[in-house]
Amino acid sequence: MNDPIVGIDLGTTNSAIGVVDSGFPLLLADEEGKRIMPSAVWIGEDGSVEIGRKALRRRGADGARVITSVKRLMGRELDTREKQSLFGKSPEEISALILGELKRVAEWRLGQPIRKAVITVPAYFHDGQRQATKRAGELAGLEVVRIINEPTAAALCYGLDQLGERSRVAVYDLGGGTFDLSILEMQEGVFQVLATHGDTRLGGDDLDLAMATAMARRAGLDWQALPQEQRVRWQVEAERVKCALSSSERETFALPFYDGVNSFSADVTREQWQEWMQPWIAKTIACCHKALNDAQLLPQEINAVVLVGGSTRIPAVRAAVEQCFGRVADVSQHPDEAIALGATIQAGMLSGAMKQMVLLDVTPLSLGIETLGGLMNVLIPRNTTIPCKAGETFTNAVAGQKAMRIRVLQGEREMARDNWELGQVDVPFEPAAKGQARIGVQFRLDENGILEVLARDVSTGIDRILVIENSAVDVSDEKVGQMVSESVEHAFEDMAERVWTEAKLKAEELLPAVEGALSIGSEWLSEEELQTIEAARADVRHALEGKEAHRLKQAVQELDRATEALAAKIVEYAMEQATGGLGS
Ligand code: AMP
């Protein structure tokens with residue numbers, strides 16, 4: 001890959017990086033096989049740094065020095081408390097550490113340096129926040145070729161750019177710490193944000209906290225008085241139970257020896273849990289209504305609804321959104337990966353690794369060249385998916401021949417003259433005995449329908465190239481239909497003519513060869529054998545006059561068989577001649 005552009009989702013809770021490889025957008029996994037990296041940074045007292053999952057693992061023992069959700073601080077004036085929480089670093093610097101780690105993973109996976117990136121930001125980010133994100137990228141050694149809106153990336157991932165002009169998409173993004181609802185409209189091939197609403201302090205973390213505090217209360221504990229390490233344990237278990245309840249009806253919240261002595265366990269049903277969540281879900285739905293209102297649209301004027309963010313896995317969330325918009329939401333993509341994949345697709349479009357629309361085209365008609373006797377020799381049959389490549393080696397029919405004319409043909413007929421000629425090229429070669437020259441002919445049809453014909457004299461390596469623009473693929477349906485129906489109509493005559501031509505070529509080669517063989521070795525044959533050969537020769541000559549393809553074919557086969565013994569004897573004799581002086 002030459003200078004790839006990566007796509008990065010720099011999220012509040014999690015981040016991910018991807019690249020388009022051979023036309024496919026993919027996210028790159030770290031050494032642990034994880035494609036999603038927590039947006040967390042731990043800064044030790046001695047200044048050492050851990051990023052991602054490693055940083056989160058420090059939560060228990062050194063939670064105060066683990067920085068999360070730094071995205072909330074990007075491009076803002078910080079108060080003293082906030083400044084302290086970053087241990088002397090700026091939000092850009094912390095983000096740069098996260099970006100740097102993603103870059104490292106990508107470089108390790110791809111085995112080459114990464115210099116350019118597309119980074120996503122929430123649709124509501126103002127210019128200062130976008131600039132800060134760009135600076136973070138630069139600090140990490142990346143040229144930020146584009147900042148794109150997260151909902152736009154999500155829509156790209158869902159392929160909604162194909163919906164057409166004026167189509168409208170609602171993107172409901174509920175992650176760990178933030179919620180956004182954006183309404184996009186496709187205008188001149190680009191998504192415009194019509195309205196965006198959200199809550200930067202609403203997400204799955206609130207649910208974890210709500211469950212953790214409720215459970216701690218049941219255990220008779222005062223949440224506020226709990227040490228940080230213990231709170232983390234209650235929250236981690238709460239998150240596990242929350243996620244489990246998205247797919248099962250009941251789950252046990254269990255914390256053995258949470259304080260070293262006491263244990264806690266309680267069952268939670270999905271029904272109960274849904275009741276707890278209701279006010280929280282209602283807040284997000286209120287945002288949807290506000291956004292629709294701002295955009296002056298009715299729910300039925302939205303053409304597609306997509307869900308992104310890990311918390312949209314909650315069935316009650318999905319149901320509420322579908323009810324609000326009165327349509328089934330598209331959940332075909334991975335909710336945690338959609339934004340990063342969309343950013344990757346955008347990066348691929350910018351780098352040229354991914355064409356906006358790749359049509360899987362096929363050749364409407366066969367492509368080939370004319371060979372001896374005026375026959376059509378097909379190299380690429382019709383309906384072959386392009387791009388494609390095919391070739392064959394040809395030889396000279398006449399001794400001393402100095403050049404070969406390659407006529408490039410298109411069509412379904414057996415005889416060259418009934419097909420269309422797209423072009424021709426003469427390939428010179430060293431004069432050689434008959435059948436000694438080797439001319440390789442290769443057809444290469446690229447995705448744009450451009451046919452490149454490469455003809456090479458194999459002995460000298462000299463090439464001739466003929467480029468035929470588009471005509472190999474751009475043929476009107478009408479002409480294709482005509483050619484195909486003609487080929488069907490003339491199928492029998494065409495086939496007969498091919499059989500005739502091939503048999504005639506063979507006969508013209510065989511007759512003089514038999515003549516020569518007889519002059520050498522007729523005395524080795526019995527009278528009967530001689531008579532058989534004579535009769536077969538006469539038959540071939542007759543058939544040649546008669547213009548009957550199948551009869552000629554048969555006669556040629558007959559003559560071939562009749563002279564087999566003679567040919568073998570001649571070879572034997574020649575061998576004896578060659579080795580005679582050396583033998584016993
Ligand atoms: P994101 O920021 O998009 O990565 O979303 C992360 C949030 O999604 C966290 O709060 C997770 O707890 C939450 N989440 C992930 N999977 C599920 C699930 N199966 N059910 C409920 N919430 C989930």
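Everything quoted here is computed from the prediction, not taken from an experiment.

Draft legend 1. Inspection of the overall build of the protein chain at higher detail. Across its full length, the protein chain holds 16 helices and 23 strands. Here the C-alpha atoms of the protein chain give a radius of gyration of 38 Å, more than 25% beyond the 25 Å that 2.2 N^0.38 yields for 584 residues. When the backbone C-alpha atoms are referred to their principal axes, the protein chain occupies close to 120 × 65 × 45 Å. Counting the 584 residues in the protein chain, one finds 46% classified as buried. Contacts in the protein chain between residues far apart in sequence, at least 24 positions, make up 62% of those at least 6 positions apart. Split by element, the accessible area of the protein chain, about 29,200 Å² in all, is 49% carbon and sulfur. Positive and negative side-chain charges of the protein chain, numbering 63 and 87 respectively, have mean locations separated by a distance of 6 Å.

Draft legend 2. Molecular detail of the sheet that holds strand β18 (residues 388-394). Read from one edge to the other, the open sheet built from four strands follows the order β18-β21-β22-β23, with strand pairing classed as antiparallel. A strand with exactly one partner marks an edge of an open sheet, and here the two such strands are β18 and β23 (462-468). When the angles between neighbouring strand axes are averaged without regard to direction, this sheet yields 15°. Across seven bridges, the pairing between strand β21 (residues 439-445) and strand β22 (residues 451-457) is antiparallel. Following the sheet pairing, Val-441 is matched in β22 by Ala-455.

Draft legend 3. Focus on the pattern of salt bridges. Across all of its chains, the model carries 39 salt bridges by this definition. Linking Arg-537 and Glu-534 is a salt bridge whose minimum nitrogen-to-oxygen distance equals 3.0 Å. Of the two residues, Arg-537 and Glu-534 are both situated in helix α14 (residues 527-546); the distance of three residues between them amounts to about one turn of the helix. Through salt bridges with shared partners, a single ionic network connects Arg-413, Arg-417, Asp-418, Glu-486, Asp-494 and Glu-497.

Draft legend 4. Spatial organisation of the pairing of strand β19 (residues 403-410). Looking at chain direction, strand β16 (residues 367-371) and β19 are connected through three bridges and run antiparallel. Looking at β19, one finds that Ile-369 is bridged to Val-408. The pairing of β19 with strand β20 (residues 420-428) spans eight bridges and is antiparallel. Bridge pairing links Ile-406 to Val-425 in β20.

Draft legend 5. Inspection of the nonpolar core at higher detail. Among the nonpolar cores identified, the biggest contains 47 residues, and Tyr-172, Trp-234, Phe-253 and Phe-325 are the most heavily contacted of them. For this core, the element with the highest residue contribution is helix α9 (residues 270-294), accounting for nine residues. The contacts of Phe-253, once residues within four sequence positions are left out, are Met-211, Met-215, Trp-234, Glu-237, Ala-238, Val-241, Phe-264, Ser-265, Ala-266 and Val-268. In this structure, Leu-86, Ile-94, Ala-106 and Ala-117 belong to the second largest nonpolar core, which totals 32 residues.

Draft legend 6. Up close: the side chain of Glu-251. Inspection of the secondary structure assignment puts Glu-251 in strand β13 (residues 250-255). In this structure the side chain of Glu-251 is engaged in a polar contact, spanning 2.9 Å, whose partner is the side chain of Arg-240. For Glu-251, the residues in contact, after removing those within four places along its chain, are Arg-240, Val-241, Ala-244, Leu-245, Ala-266, Asp-267 and Val-268.

Draft legend 7. Looking closely at the pairing of β21. Across the seven residues of β21, five count as buried, placing the element largely inside the fold. Pairing geometry for β18 and β21, over seven bridges, is antiparallel. Along β21, the bridge assignment pairs Lys-389 with Arg-444.

Draft legend 8. Highlighting the sheet that holds β16. Judged by pairing direction, the sheet is antiparallel, and its four strands sit side by side in the order β17-β16-β19-β20 without closing on themselves. For this open sheet the edge positions go to β17 (375-380) and β20, each flanked by a neighbour on one side alone. Going from strand to strand, the sheet's axes swing by 30° on average, the running direction of each strand aside.

Draft legend 9. Inspection of the packing of helix α6 (residues 150-157) against helix α11 (residues 338-351) at higher detail. Closest axis-to-axis distance for the α6/α11 pair is 7 Å, and the angle between their directions is 80°. Comparing the axis directions of α6 and α11 gives the class roughly perpendicular. Along the contact surface, α6 presents Glu-150, Ala-153, Ala-154, Leu-156 and Cys-157, while α11 presents Ala-338, Ile-339, Leu-341, Gly-342, Ala-343, Ile-345, Gln-346 and Met-349. In the contact of α6 with α11, the residues fall into ten nonpolar, two polar and one charged.

Draft legend 10. Local environment of unusual backbone geometry. Even without glycine at this site, Ser-69 takes up a positive phi of about 55°. Mapping Ser-69 onto the fold places it in the loop between β7 (66-67) and α3 (80-85). Phi at Arg-166 takes a positive value of approximately 70°, unusual for a residue other than glycine. In this structure, Arg-166 sits in the loop between α6 and β10 (168-174).

Draft legend 11. Fine view of α9. Taking 1.5 Å per residue as the helical rise, α9 with its 25 residues ought to reach 36 Å, and the 35 Å between its terminal C-alpha atoms agrees with that figure. Of all the bends found along α9, the most pronounced is centred on Gln-278 and spans about 45°, while Pro-279, a proline, follows it within four residues. Buried within α9 are the following residues: Arg-270, Trp-273, Met-277, Trp-280, Ile-281, Thr-284, Ile-285, Cys-287, Cys-288, Ala-291 and Leu-292. One or two residues past the end of α9 sits Gln-296, with phi positive at roughly 55°.

Draft legend 12. Looking closely at the domain arrangement of the protein chain. In terms of domains, the protein chain is made up of domain 1 (5-203 + 277-362), domain 2 (367-476) and domain 3 (492-578). When each unit is reduced to the centre of its C-alpha atoms, the spacing between domain 1 and domain 3 is 77 Å.

Draft legend 13. Structural detail: the site of the ligand. Lining the immediate surroundings of the ligand are 16 residues, of which Asn-14, Glu-239, Lys-242, Ser-246 and Gly-310 lie closest. Measuring from a nitrogen atom of the ligand, one finds a side-chain N or O atom of Ser-246 at 2.6 Å. Contacts to the ligand include Ser-311, whose backbone N or O atom sits 3.2 Å from an oxygen atom. Elements represented by at least two residues in the shell around the ligand include exactly α7 (204-218) and α8 (228-244). Residue contributions to the shell around the ligand peak at three residues, all from α8.

Rules behind the numbers
Residues numbered from 1 in each chain as written. Predicted model: local features only at pLDDT ≥ 70, side-chain atom pairs only at ≥ 80, totals over all residues. Heavy atoms only, no water. Helix = DSSP H or I, 4+ residues; strand = E, 2+ residues; numbered from the N terminus. Rg over C-alpha atoms; globule rule 2.2 N^0.38 Å. Buried < 20%, exposed > 50% of the residue type's maximum accessible area, 1.4 Å probe, protein only. Contact = heavy atoms within 4.5 Å. Areas by Shrake-Rupley, 256 points an atom, 1.4 Å probe, with all protein chains shown as cover. Lys, Arg positive; Asp, Glu negative; His and termini not counted. Charge placed at Lys NZ, Arg CZ, Asp CG, Glu CD. Pairing = 2+ DSSP bridges. Axes fitted to C-alpha atoms, helices over the stretch in contact; angles between N-to-C directions. Salt bridge = Lys/Arg side-chain N within 4 Å of Asp/Glu carboxyl O. Core = buried A, V, L, I, M, F, W, Y, C linked by side-chain atoms within 4.5 Å. Polar contact = N/O pair within 3.5 Å; in protein donor to acceptor, adjacent residues only side chain to side chain. Parallel < 35°, antiparallel > 145°, perpendicular 65-115°, else oblique. Nonpolar A, V, L, I, M, F, W, Y, C, P; charged D, E, K, R; others polar. Expected span 1.5 Å × (residues − 1). Bend = angle between axes of the 7 residues up to and from the residue. Domains from an automatic or database assignment. Near = heavy atom within 4 Å.

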